[in-house]
Amino acid sequence: MNCCSPNGLDEMFNESAARKDLKSYRKKGLDRRARRLVDFLSQQDISEATLLEIGGGVGALHLELMKAGAAKAVGVDASSAYVKAATSLAQSMGYGDAVEYHVGDFAEREQDIPGADIVLLDRVICCYPDMKALVTASGRHAQRFCALTYPRRTWPIRAGVSFINVVMAVFRRRFRIFVHHPREVTATLASMGFSRVFEAYAGFGRMWEIAVYQRQ
Ligand SMILES: C[S@@+](CC[C@H](N)C(=O)[O-])C[C@H]1O[C@@H](n2cnc3c(N)ncnc32)[C@H](O)[C@@H]1O
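Residues numbered from 1 in each chain as written. Predicted model: local features only at pLDDT ≥ 70, side-chain atom pairs only at ≥ 80, totals over all residues. Heavy atoms only, no water.

Q: Outline the overall build of the chain, supporting the account with residue identities and numerical values.
A: Along the backbone of the chain there are nine helices and seven strands. Taken over C-alpha atoms, the radius of gyration comes to 16 Å for the chain, in line with the 17 Å a tight globule of 216 residues would show. Overall, the chain is about 45 × 35 × 35 Å in size when its C-alpha atoms are taken along their principal axes. Buried positions account for 50% of the 216 residues belonging to the chain. Contacts in the chain between residues at least 24 apart in sequence constitute 73% of all its contacts with a sequence separation of at least 6. Accessible surface, the chain as shown: approximately 10500 Å² in total, 51% of it carbon and sulfur. Within the chain, the 23 negative side-chain charges are centred at a point lying 8 Å from the centre of the 29 positive side-chain charges. (Helix = DSSP H or I, 4+ residues; strand = E, 2+ residues; numbered from the N terminus. Rg over C-alpha atoms; globule rule 2.2 N^0.38 Å. Buried < 20%, exposed > 50% of the residue type's maximum accessible area, 1.4 Å probe, protein only. Contact = heavy atoms within 4.5 Å. Areas by Shrake-Rupley, 256 points an atom, 1.4 Å probe, with all protein chains shown as cover. Lys, Arg positive; Asp, Glu negative; His and termini not counted. Charge placed at Lys NZ, Arg CZ, Asp CG, Glu CD.)

Q: Could you give an account of the nonpolar core, naming the residues involved and the relevant values?
A: Core analysis: the largest hydrophobic core is formed by 41 residues, its most contacted members being Leu41, Leu65, Met66, Val99, Ile118 and Val212. Ranked by the residues each element gives to this core, the list is headed by helix H5 (residues 80-92), at seven residues. Ignoring anything within four residues of it in the chain, the contact list for Met66 reads Leu51, Ala71, Lys72, Ala73, Tyr95, Ala98 and Val99. With 26 residues, the next largest nonpolar core counts Val74, Ala116, Leu134 and Ala142 among its residues. (Core = buried A, V, L, I, M, F, W, Y, C linked by side-chain atoms within 4.5 Å.)

Q: Pulling in residues and values, what's your account of the environment of Gly193?
A: In this fold, Gly193 is placed in the loop between helix H9 (182-190) and strand S6 (194-202). If we skip the residues at most four places from it in the chain, Gly193 touches Gln214, Arg215 and Gln216.

Q: Please give an account of the packing of helix H3 (residues 32-42) against helix H4 (residues 60-67) that cites residues and values.
A: In the contact formed by H3 and H4, the axes pass within 10 Å of each other and the chain directions differ by 30°. Taken together, the axes of H3 and H4 lie roughly parallel to each other. For the element pair H3 and H4, the recorded crossing hand is right-handed. Taking contact as the criterion, the partners of Ala34, Arg35, Leu37, Val38 and Leu41 in H3 are, on H4, Leu61, Glu64 and Leu65. Split by residue class, the contact of H3 with H4 holds six nonpolar, no polar and two charged. (Axes fitted to C-alpha atoms, helices over the stretch in contact; angles between N-to-C directions. Parallel < 35°, antiparallel > 145°, perpendicular 65-115°, else oblique. Left-handed = near helix turned anticlockwise from the far one by under 90°. Nonpolar A, V, L, I, M, F, W, Y, C, P; charged D, E, K, R; others polar.)

Q: Report on the site of the ligand, specifying residues and quantitative values.
A: In the vicinity of the ligand lie 20 residues, with Gly55, Asp77, Phe106, Asp122 and Arg123 positioned nearest. A distance of 2.8 Å is found between a nitrogen atom of the ligand and a backbone nitrogen or oxygen belonging to Gly55. Backbone polar atom of Asp122 to a nitrogen atom of the ligand: 2.7 Å apart, as the coordinates give it. Starting from 600 Å² of accessible surface for the ligand in isolation, the protein chains cover 92%. Its residues placed into classes, the shell around the ligand shows ten nonpolar, five polar and five charged. (Near = heavy atom within 4 Å. Polar contact = N/O pair within 3.5 Å; in protein donor to acceptor, adjacent residues only side chain to side chain.)

Q: Outline unusual backbone geometry, supporting the account with residue identities and numerical values.
A: Even without glycine at this site, Asp45 takes up a positive phi of about 55°. As for its position among the elements, Asp45 is in the loop between H3 and strand S1 (50-54). A positive phi angle, close to 70°, is found at Glu48, a residue other than glycine. Residue position: Glu48 is located in the loop between H3 and S1. Overall, the relative accessible area of 61% leaves Glu48 in the exposed class.

Q: Describe the pattern of salt bridges, and please don't skip the residues or the numbers.
A: One pass over the full model with this rule turns up ten salt bridges. As a salt-bridge pair, Asp112 and Arg109 come within 3.2 Å of each other at their nearest N and O atoms. Look at Asp112 and you get partly exposed, because its relative accessible area is 42%. By relative accessible area, which is 24% here, Arg109 ends up partly exposed. (Salt bridge = Lys/Arg side-chain N within 4 Å of Asp/Glu carboxyl O.)

Below, the structure is given as structure tokens:
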């Protein structure tokens, strides 16, 4: 695995993808999946909370949580184009001094990154082959909540993802999508002392599972 851009992430999440995501957030705001996370977390007394968003893309999720009262955010993304877009979005929303961004693979760089009250991974583990390493590193950094979204492991979703991965291979793209087992996500976090306190579904065919774990 390339140390700086595992799974072809920097190529997949490039400047054009970042521009598209920025435009969509500026026009329509958060999509329903991310909005469910913000709605749940903002009911949990997050005033002055610190955030760590892994694979945050343009940063919309943590910036919305800052609007809801969170104090500071650190973002780590393997895509340099997304980190650049997140930096400019945070500045344009007046949060430039309250955020800090790093480019890199969080599972490889976790020792450089401080812990936070809330760790967020929205549509991230499905872009990374080693779910256990990424979720374990995330859990180690989460002082209160670890919130994730990922595709449900149903037959139609697995078939669709296999098809997309074949297309990626045909076009010689390094990027692949992974449908990890939700039970293994829960087991990994449970072994670190977390319990699942919220779950919901969103997206076409309820394809995204939204899960929030709390440190007990
Ligand atoms: C599908 S995008 C999701 C972006 C954003 N969270 C959203 O939902 O709009 C996945 C993001 O996760 C990042 N990513 C995946 N694995 C990562 C890892 N191990 N460390 C850091 N970033 C990672 C990718 O670079 C990409 O920006």
